[in-house]
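Residues per chain, in single letters:
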Amino acid sequence: MANQLDEENGPIREDGKDINVIAKQIPVKVGVGSTIFEILLWLCFIIPGVVFLLKKIKAGTYLRQLEQQIQHDASQIDNYLEQRVVILSNLAKLVDKAVSLDKETFTAIAAARSGRSTGENALNENSQQADRIEAKLNIAMEAYPDLKSHQEIQDAIQQNSYLQKEITAAREQYNDRVAQWNREIQIWPVNMIVAAKNGYTTRIPFIASKETKDKARDVFF
């Protein structure tokens, strides 16, 4: 039998293919067969029915704990984003002492610091706000390259670079946890039945903004 996926003979797409995260939550559903399965356990075999009930209780506890871990990971990303906004705010003040910055820069900083929120969609919004602030600061420093020689500004740039790495690591942790959740709620029968009963859905991993994706396609050198 030949390989079902033949990398030698294709089909191939010479124009390539861009990958996007689908922002859709899929509810967990079980059919009539699962209900019949549970009824049979109780009608024909009392002890297996009790065992299955205990497994469902355990699975419910496990999924609730996993949900809290996802919240913790999301909060960690927000913490790093908040620190990054503070660093960029300090950097903006230092740069403003030497050059006149656009008022929109400080307006964006104020919005980022006062309007922080949590949740899967908010994580992306907070990240985009910080990216826009950094972009405005980069434009200013490109116009005045001597600013980068100031020690305080250099320190702030290094701190921002460090936080970006921490944010990337935290996002990977968050995505791993989301993948774990999406995998666990689909395990039949115990987890899937519990998830369906509680109305659980799949979760959406981190999504980079369109601005970030477009910027990644730019030629830097």
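Computed from a predicted model, the values in this text were never measured in an experiment.

Engineer: Any chance you could explain the pattern of salt bridges here in plain terms?
Structural biologist: Between side chains of opposite charge, a pair can form as their charged atoms come close. All told, the structure shown has four salt bridges when counted by the stated rule. Taking the shortest distance from any N to any O, the salt bridge between Arg 203 and Glu 67 comes out at 2.7 Å. In this pair, Arg 203 sits in the loop between helix H6 (190-197) and helix H7 (210-216) while Glu 67 sits in helix H2 (residues 46-98), placing the two residues 136 residues apart along the sequence. The partly exposed category is assigned to Glu 67, whose relative accessible area is 24%. Here Arg 177 ties to Asp 73 by a salt bridge, and the two come within 2.9 Å at their closest N and O atoms.

Engineer: How should a nonpolar patch on the surface be read in this particular structure?
Structural biologist: Together, Trp 42, Ile 46, Val 50, Leu 53, Leu 54 and Ile 57 give the surface a local cluster of nonpolar side chains, amounting to about 540 Å² of exposed area. Topologically, Ile 57 is positioned in helix H2. Exposure remark for Ile 57: the relative accessible area of 49% places this residue in the partly exposed category.

Engineer: Explanation requested: the nonpolar core in the structure shown.
Structural biologist: What tends to happen in soluble globular proteins is that the nonpolar side chains get buried as a cluster. In this structure, Leu 63, Leu 91 and Trp 181 are the most contacted members of the largest nonpolar core, which totals 37 residues. For this core, the secondary structure elements donating two or more residues are H2, helix H4 (120-143), helix H5 (151-184) and H6. Per element, the largest residue contribution to this core is 16 residues, and it comes from H2.

Engineer: So what exactly am I meant to see when it comes to the packing of aromatic side chains here?
Structural biologist: Describing an aromatic ring pair means giving the distance of the ring centres and the angle of the ring planes. Per the stated rule, a full pass over the model turns up three aromatic pairs. Summarising the aromatic geometry, the rings of Phe 37 and Trp 188 are spaced 5.3 Å apart at their centres and angled 50° between planes, so their arrangement reads as tilted. On the criterion of sequence distance, the pair formed by Phe 37 in helix H1 (residues 32-44) and Trp 188 in the loop between H5 and H6 is long-range, its members being 151 residues apart. In this structure Phe 37 comes out as partly exposed when scored by relative accessible area, which is 27%. Above the plane of the ring of Trp 181 lies Arg 203, whose end atom (NZ or CZ) is 4.7 Å from the centre.

Engineer: Hey, could you run me through the environment of Lys 210 in this one?
Structural biologist: Within the secondary structure, Lys 210 is located in helix H7. In the structure, Lys 210 is positioned 82 residues away from Gln 128 in sequence and 9.6 Å away in space, judged by C-alpha atoms.

Engineer: Where do I start with the side chain of Thr 202 in this structure?
Structural biologist: Summarising the element assignment, Thr 202 is placed in the loop between H6 and H7. On the basis of relative accessible area, Thr 202 is assigned to the buried category, the value being 10%. In terms of polar contacts, Thr 202 uses its side chain to reach the backbone amide nitrogen of Ile 26, at 2.8 Å. If we skip the residues at most four places from it in the chain, Thr 202 touches Lys 24, Gln 25, Ile 26, Trp 181, Asn 182, Ile 185 and Gln 186.

Cut-offs and rules
Residues numbered from 1 in each chain as written. Predicted model: local features only at pLDDT ≥ 70, side-chain atom pairs only at ≥ 80, totals over all residues. Heavy atoms only, no water. Salt bridge = Lys/Arg side-chain N within 4 Å of Asp/Glu carboxyl O. Helix = DSSP H or I, 4+ residues; strand = E, 2+ residues; numbered from the N terminus. Buried < 20%, exposed > 50% of the residue type's maximum accessible area, 1.4 Å probe, protein only. Patch = residues over 30% accessible without salt bridge, like charges linked within 9 Å, V, L, I, M, F, W, Y side chains within 5 Å. Areas by Shrake-Rupley, 256 points an atom, 1.4 Å probe, with all protein chains shown as cover. Core = buried A, V, L, I, M, F, W, Y, C linked by side-chain atoms within 4.5 Å. Phe/Tyr/Trp six-rings, centres within 6.5 Å; stacked < 30°, edge-to-face > 60°. Lys NZ or Arg CZ within 6 Å of the ring centre and 35° of its normal. Polar contact = N/O pair within 3.5 Å; in protein donor to acceptor, adjacent residues only side chain to side chain. Contact = heavy atoms within 4.5 Å.

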